[in-house]
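Structural overview
Chain by chain, the residues:
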Amino acid sequence: MKKMLATLAVVAGASLALAGCSSSPSSNSSGPVTLTFWHGYTEADGKVLDKIVEDFNKSQKNITIKTTTKTWAVIGDTLLPALSAKKGPDIVAMPAENLPVYASKGAFAKLDDFYSSDAETKASIRPAAVDMEKIGGSYYGVPTGFVPLSVIYNKALFQKAGISSFPKTWDEWVADAKKLTVDQNGDGTPEQYGLALPDHATVGNGVWASLFYGNGGKIVDGSKSALDSSQNTETLSYWANAVTKDKISPTGLDGVASDKLFSSGKAAMEIGGPWMAGVATDNKIDYGIAGIPAGPKGAAASAIGISAAVTAQADPAKKAAAEKFFTYFFTKEVSTTWSLGSGWPPLRTDIPSSAVSSNPVVASLTDLVGDARPLLPGIANSTDVLSAVDEATQKALTGGDPASLLKSASAQVQQALAK
């Protein structure tokens, strides 16, 4: 899953004339329809998705879907040229933050009719996951993955420090992180850190969005920047103080360095995605997964998402066929199968953690997903927005003034939103 995060708005500067990309209605709209489906699920999750498609094909006679697996980066590089040549897919999955980029270029069909025609489906899908599919008042995709960021922690290091339960609030979190920070030789540079807190280039910057949410802040509010707020200044000041004064985390960490610090046993905790469970297992770390502790305004977490869209080249018959597949995909049985096989928590709100208990990581994330929020839904220039946040957080954690940094970053965010 982490590999997909490298593909962020790769077509931001691309151009495409898609006006003629949508085909006229098929003359044989009631007959057999064949759809092509590109996705970037390259691991075990891809095999599960391909099996779901195979089962769907067998479940009826008129629709055949053919899947093609590409990396997320290749999809980002080739989708627009393929659609321009009318050789693109009918359905395509991609990181949710890229959905607005392509939709703004006319690459995708609107799916408002899918959400309005199937009340049961709309009611059962997690509302926050559906929110990431909405752009400018219309829906352009369906969620195929929605997972909250969480904290992975090293149980052995917790036990050694005498900590018997995971912290519930920020203050408890920092207090425990201080206990878990060890500077054996007293040189001012700990050999072990309580927390690996990246200050830039990390899981779409959902780490800092999550912290801002926990204190009642946000990055954007509709079409306006909300970064320069008293809540966000308090949040950035709080965590900058914990890092610079209490030294609970090194400075200058990006997401990769943060992962390495945890996987090497040199950090007791890290905010990240579910892939870290596999990393911990590979490094023989006895780990636990917990929700991000609650800030002053409550518990909150940014989410990583994957969306599936119907491209503009699909004629009405193909679009209707794609929507029939989506309805099948969101049935309770198939949703459970997909969750267990892919590692994503269930997309339906009526599938409890007990239904996926055979996969402990998925079960843990299912209990946490209720606090998750999509990151910058509907924002086409999310890369520029998050770059501005990166600059502010990185400088603040090395001694910069949070208030002035957020003010400057907010102006950059507003410029990005106005493009």
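The text that follows walks through the structure, step by step, so that each part is easy to find. Here the structure is a predicted model, which is why all the values come from computation and not from measurement.

Comments concerning the overall build of the chain
For the chain, the helix and strand inventory stands at 17 helices and 13 strands. The globule rule puts the C-alpha radius of gyration for 419 residues at 22 Å, and the 22 Å found for the chain is close to it. The dimensions of the chain, computed from C-alpha atoms along their principal axes, are 75 × 45 × 35 Å. Looking at the 419 residues of the chain, the share that counts as buried comes to 56%. Looking at the chain as shown, the accessible area adds up to about 17,000 Å², and 50% of this sits on carbon and sulfur atoms. Of the side-chain charges in the chain, 37 are positive and 40 negative, and the distance between the mean point of each set is 4 Å.

What to know about the packing of aromatic side chains
Overall, the coordinates contain 21 aromatic pairs when judged by the stated rule. Measuring from centroid to centroid gives 5.1 Å for tyrosine 41 and tryptophan 338, while their planes differ by 85 degrees, and the two rings are edge-to-face. Here tyrosine 41 is found in the loop between β1 (33–39) and α1 (44–59), whereas its partner tryptophan 338 is found in helix α14 (residues 332–342), with 297 residues between them in sequence. A residue is classified by how much of its surface remains accessible, and tryptophan 338, at 2% relative accessible area, is buried. Considering the side-chain rings of phenylalanine 56 and phenylalanine 325, the 5.2 Å spacing of their centres and the 70 degrees angle between planes classify their relative orientation as edge-to-face. Here phenylalanine 325 lies in helix α13 (residues 316–329) and phenylalanine 56 lies in helix α1, a separation of 269 residues in the sequence.

Looking at the packing of helix α10 (residues 230–244) against helix α17 (residues 402–418)
Look at α10 against α17: their axes get within 9 Å of each other, and the N-to-C directions meet at 125 degrees. One way to sum up the angle between α10 and α17 is to call them oblique. Note on packing geometry: the crossing formed by α10 with α17 is right-handed. Across the interface between the two elements, Asn232, Thr233, Leu236 and Ser237 from α10 touch Pro402, Ala403 and Leu406 from α17.

Things to note about the packing of helix α9 (residues 206–214) against α10
Between two packed helices, what matters for the description is the angle formed by their axes and the separation of those axes. Viewed as axis vectors pointing N to C, α9 and α10 meet at an angle of 115 degrees, and their least axial separation amounts to 9 Å. α9 and α10 meet at a crossing whose hand is right-handed. Here Trp208, Leu211 and Phe212 of α9 come into contact with α10, specifically with Asn232, Thr235, Leu236 and Trp239. Of the residues contributing to the contact of α9 with α10, the split by class is five nonpolar, two polar and no charged.

Description of the sheet that holds strand β7 (residues 150–154)
One open sheet holds the three strands; their spatial order is β10-β7-β11, and the pairing between them is antiparallel. Looking at which strands have only one partner, the edges of the open sheet turn out to be β10 (269–272) and β11 (287–290). The sheet shows a mean angle of 25 degrees between the axes of neighbouring strands, taken without regard to direction. Relative to the sheet, helix α11 (residues 255–263) contacts β7 and β10, its axis offset from that of β10 by approximately 140 degrees. Set on the sheet, helix α12 (residues 275–282) makes contact with β7, β10 and β11; between it and β11 the angle comes to about 165 degrees.

Quick notes on the rules
- Residues numbered from 1 in each chain as written.
- Predicted model: local features only at pLDDT ≥ 70, side-chain atom pairs only at ≥ 80, totals over all residues.
- Heavy atoms only, no water.
- Helix = DSSP H or I, 4+ residues; strand = E, 2+ residues; numbered from the N terminus.
- Rg over C-alpha atoms; globule rule 2.2 N^0.38 Å.
- Buried < 20%, exposed > 50% of the residue type's maximum accessible area, 1.4 Å probe, protein only.
- Areas by Shrake-Rupley, 256 points an atom, 1.4 Å probe, with all protein chains shown as cover.
- Lys, Arg positive; Asp, Glu negative; His and termini not counted.
- Charge placed at Lys NZ, Arg CZ, Asp CG, Glu CD.
- Phe/Tyr/Trp six-rings, centres within 6.5 Å; stacked < 30°, edge-to-face > 60°.
- Axes fitted to C-alpha atoms, helices over the stretch in contact; angles between N-to-C directions.
- Parallel < 35°, antiparallel > 145°, perpendicular 65-115°, else oblique.
- Left-handed = near helix turned anticlockwise from the far one by under 90°.
- Contact = heavy atoms within 4.5 Å.
- Nonpolar A, V, L, I, M, F, W, Y, C, P; charged D, E, K, R; others polar.
- Pairing = 2+ DSSP bridges.

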